[in-house]
There are 2 protein chains.
Amino acid sequence: MALTLKDIAKMVGVAESTVSRAINNKSGVGEDTRKEILRIVEKYNYKPNQMARGLAKQETRILALIVSDLSIQSHLQIINKVEEIANNEGYQVILCNTRNSSAREKDYLNLLERNQVDGGIIVGSKLTDENIINTSLRGDNILVLINRLTEELLIPTVLIDKVEGAYLAVKHLLEQGLQRIAIVMGDYNSYEESEKLAGYKNALNDYGLEYDESYVIAASGKKSDGHNAFMRAVDLPQPPRSFFVTNELMTAGLIESIKMGGYLIPEDFAIVCYGESILTSVIEPSLTVVAEPLDKMGKIAAEYLIKLINEDSLSAMIKVLKPELKINDSSTPQIINKKRED
Amino acid sequence: MALTLKDIAKMVGVAESTVSRAINNKSGVGEDTRKEILRIVEKYNYKPNQMARGLAKQETRILALIVSDLSIQSHLQIINKVEEIANNEGYQVILCNTRNSSAREKDYLNLLERNQVDGGIIVGSKLTDENIINTSLRGDNILVLINRLTEELLIPTVLIDKVEGAYLAVKHLLEQGLQRIAIVMGDYNSYEESEKLAGYKNALNDYGLEYDESYVIAASGKKSDGHNAFMRAVDLPQPPRSFFVTNELMTAGLIESIKMGGYLIPEDFAIVCYGESILTSVIEPSLTVVAEPLDKMGKIAAEYLIKLINEDSLSAMIKVLKPELKINDSSTPQIINKKRED
DNA sequence: TTGTAAGCGTTATCAA
DNA sequence: TTGATAACGCTTACAA
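About the cut-offs
- Residues numbered from 1 in each chain as written.
- Chains lettered and ligands numbered in written order.
- Predicted model: local features only at pLDDT ≥ 70, side-chain atom pairs only at ≥ 80, totals over all residues.
- Contact = placed C-beta atoms within 7 Å.
- Pairing = 2+ DSSP bridges.
- Helix = DSSP H or I, 4+ residues; strand = E, 2+ residues; numbered from the N terminus.
- Near = placed C-beta within 6 Å.
- Nonpolar A, V, L, I, M, F, W, Y, C, P; charged D, E, K, R; others polar.
- Least-squares fit on C-alpha atoms with pLDDT ≥ 70 in both.
- Axes fitted to C-alpha atoms, helices over the stretch in contact; angles between N-to-C directions.
- Parallel < 35°, antiparallel > 145°, perpendicular 65-115°, else oblique.
- Left-handed = near helix turned anticlockwise from the far one by under 90°.
- Buried ≥ 20, exposed ≤ 12 C-beta atoms within 10 Å, placed from the backbone.
- Right-handed = clockwise from strand over helix to strand, strands pointing away.
- Core = buried A, V, L, I, M, F, W, Y, C linked by C-beta atoms within 7 Å.
- Arc of directions from axis to C-beta.

(A) Layout of the interface of chain A and chain B. Taken together, the contact between chain A and chain B spans 37 residues of the former and 37 residues of the latter. As paired elements, strand β2 (residues 92-97) of chain A and strand β2 (residues 92-97) of chain B share 2 bridges and run antiparallel to each other. Directly across from I94 of chain A, in β2 of chain B, lies its bridge partner I94 of chain B.

Below you can see the structure in the form of structure tokens.
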């Protein structure tokens, strides 16, 4: 059994409360007493029991990080950042992978209600808001959302303007003189994907081009969908001249197919990918990507959550961050041509 | 403030102990009483406070998952699996990213000593064993290691036989008739990398080939190291005919350079990569890889840890798993030639 | 400056 | 089958 406050108090010959004050750096302890206490604490390597402390102070110093899907690269980067911030502020992070299961999400939200965590961050999801709403309405559960929008309730949220991201991508392609832009996207019904489609439409519209549904290739987001997308694209009466792809895996598949078909990127087909990750970094040619400020999202969410925990009431917040276009070889045929001429 | 046992007891008109028995499905509660209690519990959505429960039962049902580096793909898969198993067994997982910092590792191991977790799993690391040894010797801290070997202490451990993995890779290349095999590896001094080098040597030896240091290209493991490796390789008086690369990022870099040089894979240079992940899945041509049973490692470690927590003494365990070679296009020139002839 | 003692919300023991 | 009550290990008034 580990040492307790009581043990230390006995050893030093003072009351438990005095030891408590000493190890918590509180005033009201004589200099000598404090030194002696800390000496003993050090000597016997005493560590306070967090559960007892938590019970007494009504806090756990643990945050729940509820993630819909750990295989999504952008989630990992957000997790990384949240963990970092939380730790700097003296919080631990419980990792909760819902795998897009509503039951698991509910279980994890229960952590909040059972006082096992001081607050929670939810990252993305294809699920409905039901669980969140129930949790949020009950008690004083503290929650911040990333990449997820609740409709009926005002919960602090950090979002990316995906419409803008898609707009930037398509605008860039148009400025390269590449018309006939196909969009290869994931689930048509998902909120995030529909945002990207909206951005795509906006850009076309701003450049006086007509929206043509046959250039919209929707799939489920896997690598093989990229392959299929290319097959469908080249079969069109007027095949596209460029692609805006809404995730990295489909981009990888698409590029593979393009190369296998003996075509060149960007000369024959230009490409912009939504999302930047370790995946896009290994794809050839270097990809023009819509990069999201993932670290910033994680940071804002974590810091806001901790503020919420420590201050009673804070004004509600919905923060919308802008993505950034990073231009590389996959979308710039003119530049490539010049390069190759040299 | 959330409802407590006391509140429920009052509402039902019974003692706290009775409510406790009822919600814990313990015997010794009348059928009617139990039903009534559960009805009220349900009605008011009462959730027991885990800290109080933990304090009373001396358990947290939380595990610490201490990871040296979250940017390593194989770690993510292990994390995923550990989280899954832990959850099935009713444990939460605290994510601890040490970023290979000894101070942070120590902090996280403190969680064990502060009774904030019931046990811990450490995944990989470049650090010395000092922290682990200190923690392990003090108190009855429960720890399992993955991909990390302590020399001075017998701690339950799950390892991969990396010597064997490298051996399989190099043997395969030799069997393709590809001699002059270069090894592109990470830090020469790291334990894991030296194991791979050993496997490389063993294979050469078994095939009666001499070990030639000029074919050993050591770097730090980044993508750019792959580029540099190729430059160094082609500068050799007798350039290698194939590469065994010890991680995915360097493989990506190497392949990029090979392609930019106008060479073909596997016709001009054959490649085997140590490690299989989402990264290798997007690299072209399809990579021959040494695949590690990551899920199995996570599963074994998590299950063993939970056993350790629940049973007092278990025989020490060091489990060494075997990796598997998955053969694809990047290493089989003959097959590719046949394919292309068709 | 120090000590006493009442909580925090459970579980578990022992009596009733 | 139930109920009192003492733990669990800490914090925090309040008193001394």
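(B) Up close: the protein's contact with DNA strand C. The immediate surroundings of DNA strand C are formed by 27 residues, with S17 and G30 of chain A together with L5, S17 and A56 of chain B found nearest. Mapped by element, the contributors of at least two residues to the surface near DNA strand C are α2 (16-23) and α4 (50-57) of chain A together with α1 (5-12), α2 (16-23) and α4 (50-57) of chain B. With 5 residues, α4 of chain B is the largest single contributor of residues to the surface near DNA strand C. Among the residues making up the surface near DNA strand C, the classes are represented as 11 nonpolar, 11 polar and 5 charged.

(C) Structural context of the relation of the copies chain A and chain B. When chain A is fitted to chain B, the residual RMSD is 0.1 Å, and the transformation amounts to a turn of 180 degrees plus an axial shift of 0.1 Å. Within this description, the copies of the chain are treated as partners about a two-fold rotation axis. Among all C-alpha atoms of chain A, that of I94 of chain A lies closest to the rotation axis, at 2.1 Å. Here 100% of the interface residues in chain A have copies in chain B that are interface residues too; the copies meet face to matching face.

(D) Broad picture of the packing of α1 of chain B against helix α3 (residues 31-43) of chain B. Residues and elements named next belong to chain B. Following both chains from N to C, one finds α1 and α3 inclined at 125 degrees, their axes separated by 10 Å at the closest point. One finds that α1 runs oblique with respect to α3. The two elements α1 and α3 meet at a crossing, and its hand is right-handed. Facing I8, M11 and V12 of α1, the residues of α3 in contact are E36, I37, I40 and V41. In terms of residue class, the contact of α1 with α3 is made up of 6 nonpolar, no polar and 1 charged.

(E) Region of the structure containing the sheet that holds strand β10 (residues 288-291) of chain A. All names here are of chain A. Reading across the sheet, the 6 strands line up as β7-β6-β8-β9-β10-β12 and stay open at both edges, with mixed pairing between neighbours. Edge strands, defined here as strands with exactly one partner in the open sheet, are β7 (216-218) and β12 (324-326). With strand direction ignored, the average angle separating the axes of adjacent strands in the sheet is 20 degrees. The pairing of strand β8 (residues 242-245) with strand β9 (residues 270-274) spans 4 bridges and is classified as parallel. Bridge pairing in β9 places F244 opposite V272.

(F) Fine view of the pairing of β2 of chain A. Residue and element names in this part refer to chain A. By the criterion of burial, β2 is predominantly enclosed, with 6 of the 6 residues buried. The side-chain alternation of β2 yields two buried faces, one formed by Q92, I94 and C96 and the other by V93, L95 and N97. Relative to β2, strand β1 (residues 62-67) runs parallel, the two sharing 6 bridges. Counterpart to L65 in the pairing with β2 is L95. The parallel pair β1 and β2 is bridged by helix α5 (residues 73-88), and the resulting crossover is right-handed.

(G) Representation of the nonpolar core. Grouped together as the largest cluster of nonpolar side chains are 88 residues, with contacts concentrated most on F244 of chain A together with F244 of chain B. Once you skip the residues sitting within four places of it in the chain, F244 of chain B turns out to touch A166, A169, V170, L173, I181, I183, Y200 and V272 of chain B. Ranked by size, the runner-up nonpolar core spans 81 residues in total, among them A64 of chain A together with V117, V123 and V158 of chain B.

(H) Quick peek at the protein's contact with DNA strand D. L5 and S17 of chain A together with V14, S17 and G30 of chain B are the nearest of the 27 residues found near DNA strand D. For the surface near DNA strand D, the elements supplying multiple residues, two or more each, are α2 and α4 of chain A together with α2 and α4 of chain B. Counting residues per element, the surface near DNA strand D draws most heavily on α4 of chain A, at 5 residues. Considering only residue class, the surface near DNA strand D consists of 11 nonpolar, 11 polar and 5 charged.

(I) Representation of the environment of L127 of chain B. Residue and element names in this part refer to chain B. Among the secondary structure elements, L127 is positioned in the loop between β3 (119-123) and α7 (130-137). On the basis of neighbour count, L127 is assigned to the partly exposed category, with 18 C-beta atoms found within 10 Å. Spatially, the C-alpha atom of L127 lies 46 Å from that of N25, the residues being 102 residues apart in sequence.

(J) A look at helix α7 (residues 130-137) of chain A. Residues and elements named next belong to chain A. Inspection of α7 places N131, I132, T135 and S136 among the buried residues, and these make up the whole buried set. For α7, the buried positions fall inside an angular range of 120 degrees around the axis, keeping them on one side. Looking at α7, the residues exposed on the side facing more than 90 degrees away from the buried face are E130 and L137. For α7, the secondary structure elements touched by its buried residues are α6 (102-113), β3 (119-123) and β4 (143-146).

(K) The arrangement of the environment of E256 of chain A in detail. Its location among the elements puts E256 of chain A in helix α11 (residues 248-260). For E256 of chain A, a count of 21 C-beta atoms within 10 Å gives the class buried. Between the alpha carbons of E256 of chain A and N189 of chain A there is a distance of 27 Å; along the sequence they are 67 residues apart. Those residues within four positions of E256 of chain A in sequence are excluded, and the remaining contacts are H227 of chain A together with E284 of chain B.

(L) Main features of the packing of helix α5 (residues 73-88) of chain B against helix α13 (residues 294-310) of chain B. All names here are of chain B. The geometry of α5 relative to α13 is characterised by a closest axis approach of 8 Å and an angle of 40 degrees between their N-to-C directions. What the angle tells us is that α5 and α13 run oblique. Crossing angle aside, the handedness with which α5 passes α13 is right-handed. For the pair formed by α5 and α13, the contact residues are S74, Q77, I78, K81, V82, I85 and A86 on the first element and L294, D295, M297, G298, K299, A301, A302 and E303 on the second. Of the residues contributing to the contact of α5 with α13, the split by class is 8 nonpolar, 3 polar and 4 charged.

(M) Molecular detail of the environment of V123 of chain A. Residues and elements named next belong to chain A. Within the secondary structure, V123 sits in strand β3. Residues V123 and L145, spaced 22 residues apart in sequence, show a C-alpha to C-alpha distance of 6.2 Å. Residues in contact with V123, not counting those within four places in the same chain, are I66, V67, S68, H75, I78, I146 and N147.

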